[in-house]
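Chain by chain, the residues:
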There are 2 protein chains.
Amino acid sequence: MRHGDRRSLTGRGATAPRPTIKDIAARCGVHPSTVSRALSPAMKHLVAADVAERIQAEANALGYRLNMAAKGLRTGRSGLIGVLAPDIADPGFPPVLSGLAEHLNAEGYATIVVDVGTGGSQQDLVDSLIARGVDGLVLATVRLHDDVVAHSVGASTPVVLVNRVDAAGELPSAASDDAAGMRLAVDHLVALGHRRIGHVAGPQEISTGARRRAGFEASIADSGLSLGDAPIEAATAYTRAAGREAGLRLLGRKARPTAIVAANDLLALGVYDALAASGLTCPADVSVVGHNDMPFVDLVSPPLTTVRIAQREMGATAARLLLARIRSPDAANEHVVLQPELIIRASTARPRS
Amino acid sequence: MRHGDRRSLTGRGATAPRPTIKDIAARCGVHPSTVSRALSPAMKHLVAADVAERIQAEANALGYRLNMAAKGLRTGRSGLIGVLAPDIADPGFPPVLSGLAEHLNAEGYATIVVDVGTGGSQQDLVDSLIARGVDGLVLATVRLHDDVVAHSVGASTPVVLVNRVDAAGELPSAASDDAAGMRLAVDHLVALGHRRIGHVAGPQEISTGARRRAGFEASIADSGLSLGDAPIEAATAYTRAAGREAGLRLLGRKARPTAIVAANDLLALGVYDALAASGLTCPADVSVVGHNDMPFVDLVSPPLTTVRIAQREMGATAARLLLARIRSPDAANEHVVLQPELIIRASTARPRS
DNA sequence: CTGAAAGCGCTAACAC
DNA sequence: GTGTTAGCGCTTTCAG
């Protein structure tokens, strides 16, 4: 189908209204419902081949486009999926979104992404998405104990979580194995000879923050190290600035750690800032490990050793879970946990002896 | 308005259908149209205060949400804006999107973003957005000579361009002043003493690629340098890999340039790769300048000197242009050009004497 | 195989 | 101020 043979936008003059199935019906001398059938792949078999062809031709000539709002009103399904994103400018999120959209588009759904930063409360945004008739919701923003979760459980619109989970595990989710990621990081540092390893934790009301912290503590204990030699400072947000603050606090401790594992890459970059501010160098004085492997951390100085999480796959999985929920709303809760991978670069080295 | 006092999602049981104005009307003993009026801020003044209040209360109690599809079908306006993005994972785009969405949300519009990478042809995506009834379109993907532009001119759905322009300037646009940006870059290098300055150009079918190249040539000429000493290699795409290839070609020239200005930051990072592969160091052997100032280029090694473009403002401007177009479709074409700024970091230095 | 009729939820004339 | 009526564009029984 070439583009030239339909007049999509132009050609009808700037003011002509969009053609409807009625217009096509009139020109073909058939009833609108016949046009509807001919133009619907699923119902096309119910109409005579020659008639269907004539209708199709006329539709193309007119540049006809199905009105999804009308269809949605009639069928009760909009083909829209709402996505609540933490902050679209956060470099960590786009890959997830990309995996999500790709999967959803393939099934005929369009995604409408709302940045939580710019709007009102999370619940209001969810409500406005519901008002738009979304067939499902993907939340990438929930806190461990979050009102939206309570409101979403058993709701008529299916909801899945991505990148984060709720404390009670009441909603289906696709997330990375945070504990495994921290184990990878800690084991790597221990193998290098580090014995005093600090942690810049993420916000504790967010599952990644809490679980990575817990994973850190468990790994330290399992390595036979004392938790007393594993100081933790929690950052107030997943930002470079908050990482710097927490990093500074960690470096100010009496027994300065020889390595720091951060709950994510942004925090790790903040730790770089703290190191610079303290006149220390990485990895000579302090080794640093991040989490997520966001774009370009291989280019910073020094290139960041980090735990790579499967972001695109996480998005694709969330899409799959949501689609399953839409088809059978009462299916059991599935929590998909994706395995991370340690990417060793130049920010980690043996401690000074 | 607290969240507790409405039951939005839960509380009606998982299977109950969403309440409609009819339900509210029945419970309040009024006609549906009265409910419609009471719930519409613009029409509320037409209904008695006490009745309006009762209706509002009942709506809250029921967790009623306006059905936008139905409203849109009736009014012909969906409150949806379609955005065609080049690649959501490209770190340059999110700030634009963020500025766009913020502005649009404030006016009650939701944005539906489609990644051109994952779908079919650009025109098909536009058509599907039109089928969804979008009130306007923002294209961040057009090439200089692009069919979509021809199809969009005089179309019934307003279209604006962001970050890019079409060759004939037929559509309203918000973009950075590419020529001014290149002048900033070239002047800076000339002031440092460079006399052989190369350019890694972007794809020439894209306005930024073509205009930055033209701006580069003009600046070189105006600086009194010979174009013979200003070799240019065009990259095939705005990617780090393409930048590396083009950079390698530039560095392979007989008279190697002492400085390279890249058409964007991703290409500049590719030039870093090319330098590393050639055993050269930046800025000692070759200075590098990027364009866009995308997130974290201040952290790469060496921190990148680059031309900062006003991305959020670009998005906000595009939103403004689109809203203006929606209100008066026949307004004159406006091309807003935003001024860039040179951010000097450590990738540029005096040439070796 | 095709036509007729009804209605999804909402708004906007137009009455009273 | 409020009710009545009609219809946006589409799908889907139900007849024939």
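See the structure shown above.
Residues numbered from 1 in each chain as written. Chains lettered and ligands numbered in written order. Predicted model: local features only at pLDDT ≥ 70, side-chain atom pairs only at ≥ 80, totals over all residues. Heavy atoms only, no water.

S.K.: Would you mind going over the sheet that holds strand β7 (residues 232-234) of chain A with me for this structure?
M.R.: Across a sheet, strands are paired by hydrogen bonds formed along the backbone, either parallel or antiparallel in direction. Residue and element names in this part refer to chain A. Strand order in the open sheet formed by six strands is β7-β6-β8-β9-β10-β12, and the pairing between neighbours is mixed. The open sheet has two edge strands, β7 and β12 (341-343), and neither has a second partner. Sheet twist, expressed as the average angle between the axes of neighbouring strands with direction ignored, equals 20 degrees. Note: strand β10 (residues 305-308) against β12, three bridges, orientation antiparallel. Directly across from valine 307, in β12, lies its bridge partner leucine 342. Taken strand by strand, helix α9 (residues 207-222) contacts β6 (197-201), β7, β8 (259-262) and β9 (287-292), and its axis lies near 170 degrees from that of β6. Contacting β6, β7 and β8, helix α10 (residues 240-251) crosses the sheet at an angle of about 155 degrees to β7. (Pairing = 2+ DSSP bridges. Helix = DSSP H or I, 4+ residues; strand = E, 2+ residues; numbered from the N terminus. Axes fitted to C-alpha atoms, helices over the stretch in contact; angles between N-to-C directions. Contact = heavy atoms within 4.5 Å.)

S.K.: Just checking my understanding: could you explain the protein's contact with DNA strand D for this structure?
M.R.: The full set close to DNA strand D counts 24 residues, and Tyr64 and Arg74 of chain A together with His31, Thr34 and Arg74 of chain B are the nearest of them. Backbone atoms, meaning sugar and phosphate, form 58% of the atoms of DNA strand D found within 4 Å of the protein. Here a base nitrogen of DNA strand D and a side-chain polar atom of arginine 37 of chain B are 2.8 Å apart. At the level of secondary structure, the elements contributing two or more residues to the surface near DNA strand D comprise α1 (21-28), α2 (32-39) and α4 (68-75) of chain A together with α2 (32-39) and α4 (68-75) of chain B. Element by element, the count of residues in the surface near DNA strand D is highest for α4 of chain A, at four residues. (Near = heavy atom within 4 Å. Polar contact = N/O pair within 3.5 Å; in protein donor to acceptor, adjacent residues only side chain to side chain.)

S.K.: What exactly am I supposed to notice about the pairing of β6 of chain A here?
M.R.: On any regular strand, side chains alternate: one points to one face of the sheet, the next to the other face. All names here are of chain A. In terms of burial, β6 is a largely internal element, five of the five residues being buried. Here β6 runs beside β8; their pairing, made up of four bridges, is parallel. Of the residues in β8, the one forming a bridge with valine 200 is alanine 262. Pairing between β6 and β7: three bridges, direction parallel. Across the sheet, residue alanine 201 finds its bridge partner in β7, namely alanine 234. (Buried < 20%, exposed > 50% of the residue type's maximum accessible area, 1.4 Å probe, protein only.)

S.K.: Sorry if this is basic, but what is going on with the environment of leucine 321 of chain A here?
M.R.: Residues and elements named next belong to chain A. Along the chain, leucine 321 turns up in helix α12 (residues 311-327). A relative accessible area of 4% means that leucine 321 is categorised as buried. The spacing of leucine 321 and valine 261 is 60 residues in sequence and 32 Å in space, taken between C-alpha atoms. Beyond its immediate stretch of four places on either side in the chain, leucine 321 contacts Val160, Ser173, Ala174, Glu334 and Val336.

S.K.: Any chance you could explain the protein's contact with DNA strand C here in plain terms?
M.R.: The immediate surroundings of DNA strand C are formed by 24 residues, with Thr34 and Arg74 of chain A together with Ser36, Tyr64 and Arg74 of chain B found nearest. A share of 62% is what sugar and phosphate atoms reach among the atoms of DNA strand C within 4 Å of the protein. A distance of 2.8 Å separates a base nitrogen of DNA strand C from a polar side-chain atom of arginine 37 of chain A. Between DNA strand C and isoleucine 21 of chain B, the relevant distance is 2.7 Å, taken from a phosphate oxygen to a main-chain nitrogen or oxygen of the residue. Take the surface near DNA strand C: its biggest share by element is four residues, from α4 of chain B.

S.K.: Help me out: how do you make sense of the packing of α1 of chain A against helix α3 (residues 49-62) of chain A in this one?
M.R.: Helix-helix packing: each pair is described by the crossing angle between the helix axes and the interaxial distance. Residue and element names in this part refer to chain A. The N-to-C vectors of α1 and α3 enclose an angle of 125 degrees; their axes lie 10 Å apart at closest approach. It follows that α1 is oblique to α3 by the angle criterion. Remark: the crossing between α1 and α3 carries right-handed chirality. For the pair α1 and α3, contact is made by Asp23, Ile24, Arg27 and Cys28 and by Arg54, Ile55, Glu58, Ala59 and Leu62, respectively. Split by residue class, the contact of α1 with α3 holds five nonpolar, no polar and four charged. (Parallel < 35°, antiparallel > 145°, perpendicular 65-115°, else oblique. Left-handed = near helix turned anticlockwise from the far one by under 90°. Nonpolar A, V, L, I, M, F, W, Y, C, P; charged D, E, K, R; others polar.)

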